[in-house]
Structures are given as structure tokens and as C-alpha cells.
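Notes for the structure review
Chain residues, written in single-letter form:
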Amino acid sequence: MTTIHTTRAIDVLPEEEIAAIQPLIDEINRLKVERNAVVAAHNYMTPDIFHLAADITGDSLALANLALETDADVIVLAGVVFMAETAKIINPKKMVLIPDLEAGCSLADGITGSDVRRMKEQYPGVPVVSYVNTSAEVKAESEITCTSGNALAVVESLGVERVIFTPDQYLGKWVAGKTEVEMILWEGSCMVHERFTGEEISDYKKDMGDIPVIAHPECPPDVLAEAVYVGSTHGMINWVSKHQPRKVMMITECSMADNVASAAPDTEFVRPCNLCPHMKRITLDNIRQSLETLTHQIEIPQDVVERARRAVNRMLEVGRQD
Ligand code: SF4
């Protein structure tokens, strides 16, 4: 579930580039042994990190599960801050490091714990479902968290007529189109996925002879309407493995296609390229520095950890659905 390391790094990175960064990779590997550390990298990391520095790769849910499974004392989260917080929430005894504290997320940064408390006052008794792309404080105010892969199952697992859903309005609208449960939405969005437009995708399709489109549910509805498959990064990887199309247009963060391409050598990936500036703050250099100096450590108040863990564990019981 968590890895697509079936391809040699040399298949996706030029040999000269690998040779140039090899000393840095050797230093990272030496520090990992010294610190008893693992590097957990999100699918949106650049190929050098994804293929050469990471021990485990995957989407948000896979990285969350890692914290439960690893024997390492230290987890370096090559991703954004909310992912590092989620790893810490799941296993607070481990040291969790984020190489750059400025690696935020427009979804997670667009809502606070007090915003959620205000919504709960406005809709008393209505449970809150929060996407994992939220701060620990927001998770602590939520009944349950979800990922893009299990959002529908999580909403329906509550057995209620309506839920408050935060913070991604587009994921919320996509789920709303598939369930009878009424969704009260927070109007957040991902700054990367909301830049795609249905018109642009439709134009590409006309130019490319009706190429199949697969898209992440953080995209706006007019983009999703152009897709034959909508799902999480993990779901998209599975779709490509199962259907093995000659060509596919993948609508998500740009590095994802580079990383998936290595596991599907017979498929040509076409993608309008939007990069996440937050994810791209993580580099081999700051991963090395993070391991050397043990910075930046994720610290979350104990009461917040406990309440947030309830919401995350409840989601893990629903499990992966894609
Ligand atoms: S791609 Fe979007 S959802 Fe993911 S970290 Fe970047 S801003 Fe957040």
C-alpha cells in the first residue's frame, strides 16, 4: 500500500544527477542509522527524495499508519506540517521532525479550532468530519477525520442525517454527490488543485483524442466532470495499475505523475503541471539538516493530542476504501 519502489531510481533520474547527489544521500543514510530514524515521504515529493531518501512513501493515510508500524525512534516527515502532526498524534512517544516549519497547506491553514467551535455552536449536535489536511487543533474539535480515499465511507459510518465537513469544499461537494447525508461545508480549498479548470481539461482532451482523465477530488466539480476516475493519490495509482492505459491525464500535484510513472513504465502520463509550493520546501539538504540537528520537532499539547487521536483512530477503524 505504501510503496511504489519497484523501479530503480535510475529509471526516473538521470545517472549524472544521481552521481551528483550520492554523497548527500550517503550522509542522510548514515544519519538515519545513527538516529534510528526513517524518512516518510508523501507522493508529492520530488523524485530525488521519493526514490533515493525515503524509506516509506505514500499518501496521507499511509503516512499516518506508518507511525503505528515503525520501530524507528525518529520519523522525518518529508511532507507538510499537518502530516507531521498526524504522525505525532498517532504515536506521541516518537520524535517527529519536519525539515521546514513553513511547509504549510492552504487547506490546513484556512481553518482554526475556534472556526470549528463556531460551526458547532451554529449547528448543535451535528458531528464534525475533518479532512486530515487540518491542524491538530482542528482534528481535536472533530468527531472523526477522513482522507480523500475514505471520506464517503467515513461520512456514512456516522449513521446521521447531516454532518459538518471541513475544510475542503470540493472534496465535500464530491462526497455530497454520492451520499444521502446532508453536508454542511466549510469553504476551504487546495491552492494547487483549485487552479485546474474544466475548460482547460476539456481542451486538452480535444487536442489529445479523448485521453482518459483521472483526477483528485480536491479539484473543482467542472474538472471532476471530465474524469473517468476520481480518487486519492493511492486510488489513482491503483487505477493506472489496473487499467494500464497507453496514455492517461493525471490531474493532481505535478510530482505525483513523475513518481507514479516509474511504477507504470508502459503508460504515458500527460498532466497540466501545478506544483505545491509547500511540498517543494522539503529538499534533500533540509532532510539531512533535520536528521543532524533533530529539528524541527513537532510538539502538541497533551490534551489536544488525546482529543485529536480519538478522531484519527476512529478514521483508521473505517480504514482505507480505495
Ligand atoms: S497540494 Fe494542496 S492540499 Fe496538498 S499540501 Fe499542497 S496546498 Fe495542501
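Counting from 1, residues in each chain are numbered in the order their sequence is written. The predicted nature of this model means local features are confined to residues of pLDDT at least 70 and side-chain atom pairs, given and counted, to a pLDDT of 80 or more, with totals for whole chains, interfaces and linings taken over all residues. The side-chain figures draw on all heavy atoms in the structure; neither hydrogens nor water molecules are used.

Observations regarding the overall build of the protein
Scanning the protein from N- to C-terminus turns up 14 helices and twelve strands. Throughout, the radius of gyration refers to the C-alpha atoms, and the reference size of a globule is 2.2 Å times the residue count to the power 0.38. What you see for the protein is a C-alpha radius of gyration of 19 Å, in line with the 20 Å of a compact globule of 322 residues. Here the C-alpha coordinates of the protein stretch approximately 60 × 55 × 30 Å along the principal axes. Put simply, the protein has 322 residues, and 59% of those count as buried. Carbon and sulfur atoms make up 46% of the accessible area of the protein, which totals about 13,400 Å². By definition, any uninterrupted DSSP run of H or I lasting at least four residues is a helix, any uninterrupted run of E lasting at least two residues is a strand, and each is numbered from the N terminus. Accessible area is worked out with a 1.4 Å probe on protein chains only. A residue is then buried under 20% of its type maximum, exposed over 50%, and partly exposed in between. Computed with a 1.4 Å probe, the accessible areas rest on the Shrake-Rupley method; for each residue, only the protein chains presented here act as cover.

A closer look at empty space enclosed by the protein
Throughout, the protein atoms alone are placed on a 1 Å grid, and a set of points is a cavity if a 1.4 Å probe fits but cannot get out or a pocket if it is open with protein on both sides within 12 Å along at least five of seven lines; lining residues have an atom within 4 Å of a point. Grid points are joined across faces, edges and corners, and a volume is the space filled by probe spheres set on the points. One pass over the structure, following the stated rule, counts two cavities of 30 Å³ or more. What the largest cavity holds in volume is close to 280 Å³. Lining the largest cavity are 29 residues, and of these H42, Y44, N133, E218 and M279 sit closest to its centre. For the lining of the largest cavity, the secondary-structure elements that each account for two or more residues are α3 (60–69) and α4 (81–90).

Overview of the domain arrangement of the protein
Split by domain assignment, the protein resolves into domain 1 (9–105 + 279–293), domain 2 (108–190 + 301–318) and domain 3 (193–270). The domain limits used here are those given by an automatic or database domain assignment. On a C-alpha basis, the centres of domain 1 and domain 2 stand 27 Å from each other. In what follows, residue pairs with any heavy atoms lying within 4.5 Å of each other are defined as contacts. Domain 1 puts twelve residues into the contact, and the matching count from domain 2 is 16 residues. Reported buried area values correspond to the accessible surface (1.4 Å probe) lost by two parts on association, with both partners' losses combined. Of the roughly 1,200 Å² buried between domain 1 and domain 2, counting both surfaces, carbon and sulfur atoms make up 71%. Broken down residue by residue, the surface that domain 1 buries against domain 2 is led by F82, I89 and C105, which jointly contribute 46%. What makes a salt bridge here is a side-chain nitrogen of Lys or Arg within 4 Å of a carboxyl oxygen of Asp or Glu, nothing more. Applying the counting rule to domain 1 against domain 2 returns zero salt bridges. Any pair of nitrogen or oxygen atoms within 3.5 Å is treated as a polar contact; in protein, a donor-acceptor pairing is required on top of that, and neighbouring residues in sequence qualify only through side-chain atoms on both sides. Remark: the boundary between domain 1 and domain 2 carries five residue pairs in polar contact (both at pLDDT 80 or more). Counting only elements with at least two residues in the side of domain 1 that touches domain 2, the list comes to α3 and α4. The element best represented in the side of domain 1 that touches domain 2 is α4, accounting for five residues. Three classes are used: nonpolar for Ala, Val, Leu, Ile, Met, Phe, Trp, Tyr, Cys and Pro, charged for Asp, Glu, Lys and Arg, and polar for all others, with Gly counted as polar. When the residues that make up the side of domain 1 that touches domain 2 are grouped by side-chain class, the tally is seven nonpolar, four polar and one charged.

Focus on the site of the ligand
The rule for a residue being near a molecule or strand is that one of its heavy atoms must lie within 4 Å of it. Around the ligand, the neighbouring residues are Y44, C105, S106, L107, N133, C190, M191, V192, E218, C276 and M279. The way we define it, a molecule is inside a pocket or cavity when more than half of its atoms are within 2 Å of that pocket's grid points. A molecule is said to occupy a pocket when more than half its atoms come within 2 Å of that pocket's grid points, and by this definition the ligand occupies the largest cavity. Its residues assigned to classes, the shell around the ligand comprises eight nonpolar, two polar and one charged.

Concerning the sheet that holds strand β6 (residues 144–146)
Hydrogen bonds between backbone groups are what pair the strands of a sheet, and the pairing can be parallel or antiparallel. Strands were regarded as paired on the criterion that DSSP finds at least two bridges between them. Ordered in space as β6-β5-β7-β8, the four strands form an open sheet in which the pairing is parallel. Across the chains shown, the open sheet's two edge strands, defined by having one partner strand only, are β6 and β8 (182–185). Geometrically, the sheet is characterised by an average inter-axis angle of 35° between neighbouring strands, direction not taken into account. The sheet contact formed by strand β7 (residues 162–166) and β8 spans four bridges and is parallel. Helix axes are fitted to C-alpha atoms over the stretch in contact, other axes to C-alpha atoms as well, and angles between N-to-C directions run from 0 to 180 degrees.

Here we look at the pattern of salt bridges
Under the criterion given, the structure shown has 14 salt bridges. D55 is the salt-bridge partner of K32, the closest N and O atoms lying 3.2 Å from each other. A residue pair is termed long-range when its members are at least 10 positions apart, and K32 in helix α1 (residues 15–35) and D55 in the loop between α2 (47–53) and β2 (56–58) qualify at 23 residues. Residue class for D55 comes out partly exposed when judged on its relative accessible area of 37%. For R117, the salt bridge goes to E141, with nearest N and O atoms at 2.7 Å. Highlighted residues: R117 in helix α5 (residues 113–122) and E141 in the loop between α6 (136–140) and β6, separated in sequence by 24 residues. Judged by relative accessible area, which is 34%, R117 ranks as partly exposed. You can call E141 buried: its relative accessible area is 9%.

Focus: the environment of E15
With respect to the secondary-structure elements, E15 resides in helix α1. Here E15 falls in the exposed class, since its relative accessible area comes to 55%.

Quick look at the state of the cysteines
Among covalent bonds in proteins, the disulfide is the one between the sulfur atoms of two cysteines. Cysteine sulfurs are considered disulfide-paired once they come within 2.5 Å of each other. Applying the stated rule across the entire model yields one disulfide. Looking at C219, it has no disulfide partner, and the nearest cysteine sulfur is the one in C190, 8.0 Å off. We classify C219 as buried; its relative accessible area is 0%.

Looking at the sheet that holds strand β4 (residues 95–97)
The four strands lie next to each other as β2-β1-β3-β4, forming an open sheet whose pairing is parallel. Each of the sheet's edge strands pairs with one partner strand only, and the pair in question is β2 and β4. Averaged over all neighbouring strand pairs, the angle between strand axes comes to 20°, with direction disregarded. Those strands touched by α4 are β1 (37–42), β3 (74–78) and β4, and its axis lies near 175° from that of β4.

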